[in-house]
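# Chains, contacts and geometry: an overview
Here is how the chains run, residue by residue.
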Amino acid sequence: MEASANIWIVKGLLILVLLYLAYVDWRTLRLPNAITFPLIFLGLAFNAASDLRLTTPGSTIIGVLLGYSSLWALNASYRLLKNRNGIGMGDAKLLAALGAWLGWGTLPSILLMASATGIIGGIIWLKWHGHQLQQAFPFGPFLAIAGIIELLWPQLIPILILRKLI
């Protein structure tokens, strides 16, 4: 089998896992460690050992660290201000997994897409379920969809933004 066909198999499997995680989070407000942890380790291993890697091994390690620590720090800051959690650590693990697979350079685009769609989708979700805006809603589906977009169309957001600025 040709290398380009193999990479599409890998990408397809990753998309299926991300869609499953989005579904689970949407239904339960939980991202299971039984899937997020292996996804992190598989991303690290794939990009370290495979000729088909999606990013460099260094970028994948930094991606895991930045992906997790950025949402952890955001939550820690929110907790200091409001004395409650603002984002689940399952979301931090999912962003770490996306960093493991796609590298640290993709994280700003993923966060921008997930945040923009999450604001709109979150308001719709809360209204649909009759909740107040202060109540929890799943952010994982928006991270997963943003990760899929980044996987299929790398650096879409920077290209669109930079092209308009230049």
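Above this text is the structure in question.
Residues numbered from 1 in each chain as written. Predicted model: local features only at pLDDT ≥ 70, side-chain atom pairs only at ≥ 80, totals over all residues. Heavy atoms only, no water.

### Description of the side chain of Asp25
- Mapped onto the elements, Asp25 comes out in helix 1 (residues 3-28).
- One buried charged residue, Asp25, remains without a salt bridge, the closest side chain of opposite sign being Arg30 at 7.3 Å. (Helix = DSSP H or I, 4+ residues; strand = E, 2+ residues; numbered from the N terminus. Buried < 20%, exposed > 50% of the residue type's maximum accessible area, 1.4 Å probe, protein only. Lys, Arg positive; Asp, Glu negative; His and termini not counted. Salt bridge = Lys/Arg side-chain N within 4 Å of Asp/Glu carboxyl O.)

### As for the packing of aromatic side chains
- Summed over all chains, the structure comprises 2 aromatic pairs.
- Each ring, one from Trp26 and one from Phe142, has its centre 6.4 Å from the other, and the planes form 70 degrees; the classification is edge-to-face. Here the residue Trp26 occupies a position in helix 1, and Phe142 occupies one in helix 6 (residues 140-152), the gap between them amounting to 116 residues.
- A residue is classified by how much of its surface remains accessible, and Phe142, at 12% relative accessible area, is buried.
- A cation over an aromatic ring shows up here: Lys11 above the ring of Trp8, its NZ or CZ 4.7 Å from the ring centre. (Phe/Tyr/Trp six-rings, centres within 6.5 Å; stacked < 30°, edge-to-face > 60°. Lys NZ or Arg CZ within 6 Å of the ring centre and 35° of its normal.)

### Let's talk about the layout of surface pockets
- Size it by volume and the largest pocket reaches roughly 970 Å³.
- Every residue lining the largest pocket is counted, 30 residues in all, and those nearest its centre are Gly86, Ile87, Gly88, Ala136 and Phe137.
- Looking at the lining of the largest pocket, the elements with two or more residues in it are helix 3 (57-82), helix 4 (89-102) and helix 5 (107-128).
- Examining the composition of the lining of the largest pocket, we find that 7 residues originate from one element, helix 5, more than from any other.
- Of the residues belonging to the lining of the largest pocket, the class tally is 16 nonpolar, 10 polar and 4 charged. (1 Å grid on protein atoms, 1.4 Å probe; cavity = no way out; pocket = protein on both sides within 12 Å on 5 of 7 lines; lining within 4 Å. Points joined across faces, edges and corners; volume = space filled by probe spheres on them. Nonpolar A, V, L, I, M, F, W, Y, C, P; charged D, E, K, R; others polar.)

### Side note on helix 6
- The terminal C-alpha atoms of helix 6 lie 18 Å apart, and with 13 residues this matches the ideal 18 Å at 1.5 Å per residue to within 8%.
- Burial in helix 6 covers these residues: Gly140, Pro141, Phe142, Leu143, Ala144, Ala146, Gly147, Ile148, Glu150 and Leu151. (Expected span 1.5 Å × (residues − 1).)

No statement about biological role is implied by the geometric values presented.
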